[in-house]
Amino acid sequence: MIFNFGQHHTEYPNPIARKEFILDFNCNTDESMHLSEINEIIKEMNDINQELFEESIGEKLKKYMSSEKNDWS
């Protein structure tokens, strides 16, 4: 598991105009596998990434991400 995080300033060199933060989860394996196993392994790795992401964010962000109108108040 490789976990990168930080602030990503997409409008550099302009001053920061909005808050941005990147969470980057990556899984990899160097085990040999049969071609027929790849889809299942990708699904397992995605499940791991999703679980770690859910554990790393707060309830306010979860609520924001699940709301249709995305109202922070």
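About the thresholds
- Here the residue numbering is sequential within each chain, running from 1 through the sequence in written order.
- Given that the model is predicted, a residue must reach a pLDDT of at least 70 before its local features are reported, and side-chain atom pairs must reach 80 or more before they are shown or counted; all residues, however, enter totals for whole chains, interfaces and linings.
- With hydrogens and water set aside, each side-chain value is computed from the structure's full complement of heavy atoms.
- Only DSSP runs of H or I covering at least 4 residues are called helices, and only runs of E covering at least 2 are called strands; the numbering of each starts at the N terminus.
- Using a 1.4 Å probe on the protein chains alone, a residue whose accessible area is under 20% of its type maximum counts as buried, one over 50% counts as exposed, and one in between counts as partly exposed.
- Pairs were defined over the aromatic rings of Phe, Tyr and Trp, the Trp ring being its six-membered one, requiring ring centres within 6.5 Å. Orientation was assigned from the angle between planes: stacked under 30 degrees, edge-to-face over 60, tilted for the rest.
- Think of a patch as exposed residues, more than 30% relative accessible area, with no salt bridge, where like charges cluster within 9 Å and nonpolar side chains (Val, Leu, Ile, Met, Phe, Trp, Tyr) cluster within 5 Å.
- Method for areas: the Shrake-Rupley scheme with a 1.4 Å probe, in which residue coverage is limited to the protein chains shown.
- We define a salt bridge as a side-chain nitrogen of Lys or Arg found within 4 Å of a carboxyl oxygen belonging to Asp or Glu.
- A score from 0 to 100, pLDDT tells how confident the predictor is in each residue.

### Focus on the overall build of the chain
Argument step 1. A tally of regular secondary structure across the chain gives two helices and two strands.
Argument step 2. Secondary structure elements of the chain, listed N to C terminal, follow the sequence β-β-α-α.
Argument step 3. Buried residues in the chain amount to 7% of all 73 residues.

### What about the packing of aromatic side chains?
Argument step 1. All chains considered together, the criterion is met by one aromatic pair.
Argument step 2. Here the aromatic rings of F25 and F53 are separated by 6.4 Å at their centres, their planes lie at 90 degrees, and the arrangement is edge-to-face. Linking F25 in strand β2 (residues 22-26) with F53 in helix α1 (residues 38-56), this pair joins segments that are 28 residues apart in sequence.
Argument step 3. Residue F25 is classed as buried on the basis of its relative accessible area, which comes to 15%.

### Focus: a nonpolar patch on the surface
Argument step 1. A cluster of nonpolar side chains, M33, L35, I38 and I42, forms an exposed patch at the surface whose accessible area comes to about 370 Å².
Argument step 2. Looking at where M33 falls in the secondary structure, it is placed in the loop between β2 and α1.
Argument step 3. Residue classification places M33 among the partly exposed residues on the basis of a relative accessible area of 32%.

### Some details on the pattern of salt bridges
Close approach of charged atoms allows side chains of opposite charge to pair.
Argument step 1. Taken as a whole, this structure holds three salt bridges when the rule is applied.
Argument step 2. Here K62 makes a salt bridge to E59, at a shortest N to O gap of 3.7 Å. You can see K62 and its partner E59 sitting in helix α2 (residues 59-66), three residues apart, about one turn around the helix.
Argument step 3. Bridged by salt links that share partners, the residues E54, E59 and K62 form one connected network.

### Observations regarding the confidence of the model for the chain
Argument step 1. Scored by pLDDT, the chain comes out at a mean of 80, with 81% of its residues at no less than 70.
Argument step 2. Within the chain, the lowest mean pLDDT, 62, falls on strand β1 (residues 2-6), and the highest, 90, falls on α1.

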